[in-house]
Amino acid sequence: MKPSVNPPLKPAESQVAGTWSLIDMPKLLDLPVDDSQASDGPNDAEGSLREITDNLTKFASQFIGRRYVWGSTGPKTFDCSGFIRYIFRNAGVSLDRTSRMQYAQGEPVKTSELRPGDLMFFSSPRSGKGRVGHVAMVVEVDDSGKSLTFIHAASSKGVSYQKFPDGGYYSRNYIGAKRVLQPENTENHTA
């Protein structure tokens, strides 16, 4: 069993090697590639997914403090969707460019079921109330499941962490969440 992306991976250009595929993802994230070493137990996909999300959150943390610039896709400056796209692209996952387009990808997930790697969407002054205008990625969920931390490129602080719920701006402007990384129950899957 290997993790998959919902929607399925689209090839994304690598800054070094051309294109990435589902086959390349384990190599890029230093995950085991030899399927003979993995068992078919139910926790294999969850374990691989956990490794992928751990690598996503570690990679994202390298950009803490980078400035927010509207329309920027990194790596020196980012806007919110440019940052999320850049982080996922590093893992071989192709996301659309804007937060509104990213909101159309993946599967809806309840706030109470969020996990690291999930995307959270918010309205913004620019988008208007109730319309997607901001995106962030969950990096940690507390043990009680009642609060979490996300990373995002905020216009006021640049790339930073934020607690949620915050009882303020982000709580008032939260629209919903999407899961783009899903465990897939496949045996000996090759792309």
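Up top you'll find the structure we're talking about.
The structure displayed is predicted, hence computed values, not measured ones.

### Observations concerning the pattern of salt bridges
Oppositely charged side chains can form a pair if their charged atoms are brought close together.
Here is step 1 of the chain: Across all of its chains, the model carries two salt bridges by this definition.
Here is step 2 of the chain: Across the salt bridge formed by Asp79 and Arg97, the nearest N and O atoms sit 2.9 Å from each other. Of this pair, Asp79 sits in the loop between strand 5 (77-78) and helix 3 (80-90) while Arg97 sits in the loop between helix 3 and helix 4 (99-103), placing them 18 residues apart in sequence.
Here is step 3 of the chain: One salt bridge in this structure joins Arg179 and Asp118, with 2.8 Å as the shortest N-O distance. Within this pair, whereas Arg179 is found in strand 11 (residues 174-179), its partner Asp118 is found in the loop between strand 6 (107-109) and strand 7 (119-123), the two being separated by 61 residues in sequence. Across the pair, Asp118 and Arg179 agree in class, each one buried.

### Overview of the layout of surface pockets
Here is step 1 of the chain: Estimated volume of the largest pocket: approximately 510 Å³.
Here is step 2 of the chain: Together, 22 residues line the largest pocket, and Tyr68, Trp70, Ser124, Arg126 and Gly133 are the ones closest to its centre.
Here is step 3 of the chain: When contributions to the lining of the largest pocket are tallied by element, the ones reaching two or more residues are helix 3, helix 4, strand 8 (132-141) and helix 5 (169-173).
Here is step 4 of the chain: Looking at the lining of the largest pocket, the element that brings in the most residues is strand 8, giving three residues.
Here is step 5 of the chain: In the lining of the largest pocket, the residues fall into eight nonpolar, ten polar and four charged.

### Quick word on the sheet that holds strand 10 (residues 158-164)
Strand pairing in a sheet is mediated by backbone hydrogen bonds. Such pairs are either parallel or antiparallel.
Here is step 1 of the chain: Spatially, the six strands line up as an open sheet ordered 6-11-7-8-9-10, and their pairing is antiparallel. Each having just a single partner strand, strand 6 and strand 10 make up the two edges of the open sheet. Ignoring strand direction, the axes of neighbouring strands in this sheet form an average angle of 35°.
Here is step 2 of the chain: Contacts from helix 3 reach strand 7, strand 8, strand 9 (148-154) and strand 10, with the element oriented near 45° to strand 8.

Criteria and cut-off values
Residues numbered from 1 in each chain as written. Predicted model: local features only at pLDDT ≥ 70, side-chain atom pairs only at ≥ 80, totals over all residues. Heavy atoms only, no water. Salt bridge = Lys/Arg side-chain N within 4 Å of Asp/Glu carboxyl O. Helix = DSSP H or I, 4+ residues; strand = E, 2+ residues; numbered from the N terminus. Buried < 20%, exposed > 50% of the residue type's maximum accessible area, 1.4 Å probe, protein only. 1 Å grid on protein atoms, 1.4 Å probe; cavity = no way out; pocket = protein on both sides within 12 Å on 5 of 7 lines; lining within 4 Å. Points joined across faces, edges and corners; volume = space filled by probe spheres on them. Nonpolar A, V, L, I, M, F, W, Y, C, P; charged D, E, K, R; others polar. Pairing = 2+ DSSP bridges. Axes fitted to C-alpha atoms, helices over the stretch in contact; angles between N-to-C directions. Contact = heavy atoms within 4.5 Å.

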